[in-house]
Amino acid sequence: EDQVTQSPEALRLQEGESSSLNCSYTVSGLRGLFWYRQDPGKGPEFLFTLYSAGEEKEKERLKATLTKKESFLHITAPKPEDSATYLCAVQATVAAGNKLTFGGGTRVLVKP
Amino acid sequence: GAVVSQHPSWVICKSGTSVKIECRSLDFQATTMFWYRQFPKQSLMLMATSNEGSKATYEQGVEKDKFLINHASLTLSTLTVTSAHPEDSSFYICSARERPEAFFGQGTRLTVV
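Residues numbered from 1 in each chain as written. Chains lettered and ligands numbered in written order. Predicted model: local features only at pLDDT ≥ 70, side-chain atom pairs only at ≥ 80, totals over all residues. Heavy atoms only, no water.

K.L.:
Got a sec to walk through the overall build of chain B? Specific residues and values, please.
P.N.:
Counting its secondary structure elements, chain B contains zero helices and 11 strands. In sequence order, chain B lays out its α and β elements as β-β-β-β-β-β-β-β-β-β-β. The C-alpha atoms of chain B give a radius of gyration of 13 Å, which matches the 13 Å a tight globule of 113 residues would have. Here the C-alpha coordinates of chain B stretch approximately 40 × 30 × 20 Å along the principal axes. Looking at the 113 residues of chain B, the share that counts as buried comes to 53%. Restricting to contacts in chain B with at least 6 residues of sequence separation, those with at least 24 account for 53%. For chain B, the exposed area adds up to about 5,600 Å²; of that, 51% sits on carbon and sulfur atoms. (Helix = DSSP H or I, 4+ residues; strand = E, 2+ residues; numbered from the N terminus. Rg over C-alpha atoms; globule rule 2.2 N^0.38 Å. Buried < 20%, exposed > 50% of the residue type's maximum accessible area, 1.4 Å probe, protein only. Contact = heavy atoms within 4.5 Å. Areas by Shrake-Rupley, 256 points an atom, 1.4 Å probe, with all protein chains shown as cover.)

K.L.:
Hey, could you go over the state of the cysteines for me, with residue numbers and the actual values?
P.N.:
Under the definition given, this model contains two disulfides over all chains. Between the sulfur atoms of Cys 23 of chain A and its disulfide partner Cys 88 of chain A the distance amounts to 1.9 Å. With the S-S dihedral at roughly -60 degrees, the linkage between Cys 23 of chain A and Cys 88 of chain A falls on the left-handed side. Here Cys 23 of chain A is found in strand S3 (residues 19-26), whereas its partner Cys 88 of chain A is found in strand S9 (residues 84-92), with 65 residues between them in sequence. On the basis of relative accessibility, which here comes to 0%, the residue Cys 23 of chain A falls in the buried class. Between the sulfur of Cys 23 of chain B and that of Cys 94 of chain B lies a disulfide, 2.0 Å long from S to S. Across the disulfide from Cys 23 of chain B to Cys 94 of chain B, rotation about the S-S bond amounts to roughly 80 degrees, and the bridge is consequently right-handed. One end of the pair, Cys 23 of chain B, is in strand S3 (residues 19-25); the other, Cys 94 of chain B, is in strand S9 (residues 90-98), with 71 residues separating them in the sequence. Taken individually, Cys 23 of chain B and Cys 94 of chain B each receive the classification buried, so the pair is uniform in this respect. The structure places no disulfide on Cys 13 of chain B, whose sulfur is separated from the nearest cysteine sulfur, that of Cys 94 of chain B, by 18 Å. (Disulfide = S-S within 2.5 Å.)

K.L.:
Can you tell me about the environment of Ala 56 of chain B, naming the residues and giving the values?
P.N.:
Residues and elements named next belong to chain B. Topologically, Ala 56 is positioned in the loop between strand S5 (44-51) and strand S6 (57-58). Distance in space between the C-alpha atoms of Ala 56 and Ile 21 is 15 Å, their sequence separation being 35 residues. Setting aside residues up to four positions removed in sequence, Ala 56 forms contacts with Thr 49, Ser 50, Asn 51 and Ile 69.

K.L.:
Can you break down unusual backbone geometry residue by residue, with the values?
P.N.:
Note that the residue after Ser 7 of chain A, namely Pro 8 of chain A, is joined by a cis bond; omega there is -10 degrees. Considering the arrangement of structural elements, one finds Pro 8 of chain A in the loop between strand S1 (3-7) and strand S2 (10-14). Omega for the bond connecting His 7 of chain B with Pro 8 of chain B falls within 30 degrees of zero, at 0 degrees, which places this linkage in the cis form. Here Pro 8 of chain B shows up in the loop between strand S1 (4-7) and strand S2 (10-13). Of note in the backbone geometry, Ser 83 of chain B takes a positive phi value of approximately 45 degrees without being a glycine. For Ser 83 of chain B, the position within the fold is in the loop between strand S8 (76-81) and S9. For Ser 83 of chain B, a relative accessible area of 34% corresponds to the partly exposed category.

In structure tokens:
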């Protein structure tokens, strides 16, 4: 069974204090790993897709990396508007119906 | 990115009544849509996969007679919560794939009183 574990569950940062979020996964062949941002009361907003180990993607202060067992979301010099829950999800190559398996999320709070 | 629109954003209904939630892909066609449920401070739980023109596939433990899914066109899927009870109160979110990514609607907050 595919599994995704995110850590830490919650993260409090000072503005400008860089940090990393972890997403560990167990999947029967990885088709893709996805990162989303979710604000309270809203649906998840797509950030990145990673497909193979060694791949990296960046968007503003966010950078996602991928290994064979885990992915990291690095937040560089965060601002208060980066406060959100960050969700990681995987799709297996043999996933029935192309469904995603989500981790529990990391709640990030950036204080000014 | 692609846009998925969900309606309504919130709804309050009386116990025993039914509620319909719509999910539309605005700028692409989606043969498959997904319905999730999310409890406070928890992650998304997949309820069912909605397939255009055929029956939905429900995850284990999800009552198909309570959560009716219809995917009548390539841009619209609906979730109907039948005979709603307070324990059905939750945040419901739909998703559509525009490969390879999946895009999500804004979510619907359902409160059953």
